[in-house]
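# A structural walkthrough
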Amino acid sequence: MCGIVGAVAERNITAVLVEGLKRLEYRGYDSAGVALLNDQGQLERRRRVGKVSELQAALNAEPLAGRLGIAHTRWATHGAPSERNAHPHFSGREPGSELAVVHNGIIENHDALREQLKGLGYAFSSDTDTEVIVHLLDHKLKTQPDLTAALKEAVKELHGAYGLAVISAKQPDRLLAARSGSPLVIGLGLGENFLASDQLALRQVTDRFMYLEEGDIAEICRESVQIWDVSGEPVQRESVQYHEGAEAADKGEFRHFMLKEIFEQPKVVQRTLEGRLGSDHVLVQAFGPQAAELFAKVKNVQIVACGTSYHAGMVARYWLEGLAGIPCQIEVASEFRYRKVVVQPDTLFVSISQSGETADTLAALRNAKALSPEQGGYLASLSICNVGISSLVRESDLCLLTQAGPEIGVASTKAFTTQLVGLMLLTLSLGQVRGTLDKRLEAELVDELRRLPTRLDEALAMDTVVEKVSELFAEKHHALFLGRGEQYPVAMEGALKLKEISYIHAEAYPAGELKHGPLALVDSDMPVVTVAPNNELLEKLKSNLQEVRARGGELIVFADQQAGMSNGEGTHVVNMPHIHDALAPILYTIPLQLLSYYVAVLKGTDVDQPRNLAKSVTVE
Ligand code: G6P
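Residues numbered from 1 in each chain as written. Predicted model: local features only at pLDDT ≥ 70, side-chain atom pairs only at ≥ 80, totals over all residues. Heavy atoms only, no water.

### Here we look at the overall build of the protein
Scanning the protein from N- to C-terminus turns up 18 helices and 25 strands. Relative to the globule expectation of 25 Å for 620 residues, the C-alpha radius of gyration of the protein, 26 Å, shows essentially globular dimensions. By its C-alpha atoms, the protein is 75 × 55 × 45 Å across when sized along the principal axes. The 620 residues of the protein split such that 60% are buried. By sequence separation, contacts in the protein at least 24 residues apart represent 71% of the contacts at least 6 residues apart. (Helix = DSSP H or I, 4+ residues; strand = E, 2+ residues; numbered from the N terminus. Rg over C-alpha atoms; globule rule 2.2 N^0.38 Å. Buried < 20%, exposed > 50% of the residue type's maximum accessible area, 1.4 Å probe, protein only. Contact = heavy atoms within 4.5 Å.)

### Structural notes on helix α5 (residues 147–156)
Listing the buried residues of α5 in full gives Leu147, Thr148, Ala150, Leu151, Ala154 and Val155. Looking down the long axis of α5, one finds its buried residues gathered within 155° of arc, a one-sided arrangement. Against the buried residues of α5 lie β6 (99–107), α4 (130–143), β7 (160–168), β8 (175–180), β12 (217–220) and β13 (225–228). (Arc of directions from axis to C-beta.)

### Remarks on the packing of aromatic side chains
Across all of its chains, the model carries five aromatic pairs by this definition. With a centroid separation of 5.0 Å and an interplanar angle of 75°, the aromatic rings of tyrosine 597 and tyrosine 598 are classed as edge-to-face. Both residues of the pair, tyrosine 597 and tyrosine 598, count as buried. Among the aromatic side chains, those forming a connected cluster through ring pairs are Phe336, Phe349 and Tyr378. Taking NZ or CZ as reference, lysine 152 lies 3.9 Å from the ring centre of tryptophan 228, over its face. (Phe/Tyr/Trp six-rings, centres within 6.5 Å; stacked < 30°, edge-to-face > 60°. Lys NZ or Arg CZ within 6 Å of the ring centre and 35° of its normal.)

### Considerations on the pairing of strand β18 (residues 347–353)
Most of β18 sits out of view: seven of its seven residues are buried. By the alternation rule, side chains of β18 split into Thr347, Phe349, Ser351 and Ser353 and Leu348, Val350 and Ile352, which are all buried. With six bridges joining them, strand β16 (residues 300–305) and β18 adopt parallel strand pairing. The residue bridging valine 301 from the neighbouring strand is leucine 348, located in β18. The pairing of β18 with strand β19 (residues 380–385) spans six bridges and is classified as parallel. (Pairing = 2+ DSSP bridges.)

### Some details on the UniProt feature "active site" (unreviewed entry) in the protein
Under the present numbering, the feature "active site" (unreviewed entry) in UniProt falls on Cys2 and Lys615. Judged by maximum C-alpha separation, these annotated positions cover 614 residues in sequence but sit close together in space, the widest gap being only 10.0 Å. Relative to the elements of secondary structure, cysteine 2 occurs in the segment before β1 (3–8). Assignment of secondary structure puts lysine 615 in the segment after α18 (584–603). Polar side-chain contacts of lysine 615 include one of 2.9 Å to the backbone oxygen of glycine 409. (UniProt positions renumbered as here; feature names shortened; annotations may be inferred. Polar contact = N/O pair within 3.5 Å; in protein donor to acceptor, adjacent residues only side chain to side chain.)

### Some thoughts on the site of the ligand
Around the ligand lies a shell of 13 residues, among which Ser309, Ser353, Gln354, Ser355 and Thr358 are the nearest. At a separation of 2.6 Å, an oxygen atom of the ligand approaches a polar side-chain atom of serine 353. Within the contact set of the ligand, an oxygen atom lies 2.6 Å away from a side-chain nitrogen or oxygen of serine 355. Relative to its free-state accessible area of 390 Å², the ligand is covered by the protein chains to the extent of 90%. Ranked by residue count, the leading element in the shell around the ligand is helix α9 (residues 307–322), at three residues. For the shell around the ligand, the residue count by class is four nonpolar, eight polar and one charged. (Near = heavy atom within 4 Å. Areas by Shrake-Rupley, 256 points an atom, 1.4 Å probe, with all protein chains shown as cover. Nonpolar A, V, L, I, M, F, W, Y, C, P; charged D, E, K, R; others polar.)

What follows is the structure, encoded as structure tokens:
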């Protein structure tokens, strides 16, 4: 969603800021802007609706130069996408403006502040909540001329979420930052320092980072960084060196990030398993030192998540109940957070998120934690997350980090399959500790997990077959996805992928529901995609498919090679490697990802940045 980049240096930093914005493009945005303090001591800015390349073109036509600057990609929340609403926002008219601010998040009391500031004579030039911040700060500077002290006072009046970067024409040597509910990281250079909402934006200039914590305010100069915590006390934040994955923002040999990420799955699944499997059992400590003691008390599981992560949770419900015998409920976070819930005793609250910053998932976790034991509070909270420094991880009692590495494509792929691996580890751990999982089955599944990366490689080898099948969708406007049991959420994920990136309307149904409605839609214009592992539901699924064929529907079936299904008129069968039934959801996800990818390529859509969507939804 919104992205922030800032820099204070001895050199002209325009190119650093623009490159940083480009690296944040994957988060989704609708406009971009940059403000620099020029050598005449004036703040200047360029803002453009659309891609960072538009901003770059504007800068090529009318260059800006400076050694102190901030930049932003915006995803509209208050006020339409337009140049006047794009950040940075100034206080005062340019040139001669004293302050520039960029902001991620939402200021909830912006209406009241706007009225108050208008009363003080401030004229607003945008419809954003952000503009109140810059005028409020300007107002504070009248009585408190020190910029950092004024910022500390101003943020006290802001309700809501923010990551802020501030520069002032009167303080050419410093860049200020404030974090509350929206992540910020300082990049440490030699004689120059940087700021960003995601370290990915700064890997071009440094590999040393310092993460701000909730409530921190930072003063970033060329040679120093000073941080104050939420109570205003000076604090040291640890600096960490980033080694791995520096190439992640690069597509390499692949045409799109999404395809690169699909093909990374065997490797990242392997990484997610590393250090977590014993000879014939899962190492429960992978979930933290107190995990074994806590898991022994768990009688129920409540899962919350959004989007693709929600689908991972739906698969986990089948696993937790079917393999570990633990009752499990799952709900989308945006519903859960606004509902009065009845908590069963000894329920483990599990949140799943790639980013760990999704606003609804975080709010659900916070609500869950706020319940007192008398209200039937949760036993403990656990997050399955891909970002170790995220708010979700920090605020959960336990966590299991997936090792997918940075995911750039807006449509989630490798994050999903590594979440499934994490959830299988959780299922096996809970079953093991509670004694509800047969030891032999655990040993068998641990073995199968070890073989999983090879199975995924085999599934990826079907790439060209799936590409061929994708041609069937080129002219279609609708598609139906069917699955039974734990393949139903896989079908849902397949339908979500197709609609996200190819804009084809796709719906998923449990195959048994076909005759209760969706069958009415089936004709030769409605391709029906099915995942058919060789399990006890196969014969039932085959009858459902007959129902589709009888109505002239075209079938695309991803079927186990031992399922006894073959090509026929209107039936396209893609044979899948045989796999243990429990792990089939992970394997069968691969061809559905490839299918949506190739359909999108055929349709010529923006695969990595589909319209209207954002990678990281940090606002409601
Ligand atoms: C957005 C993304 C999805 C993602 C969802 C939840 O909608 O486009 O790919 O599944 O957010 O994100 P999370 O980071 O919590 O998994």
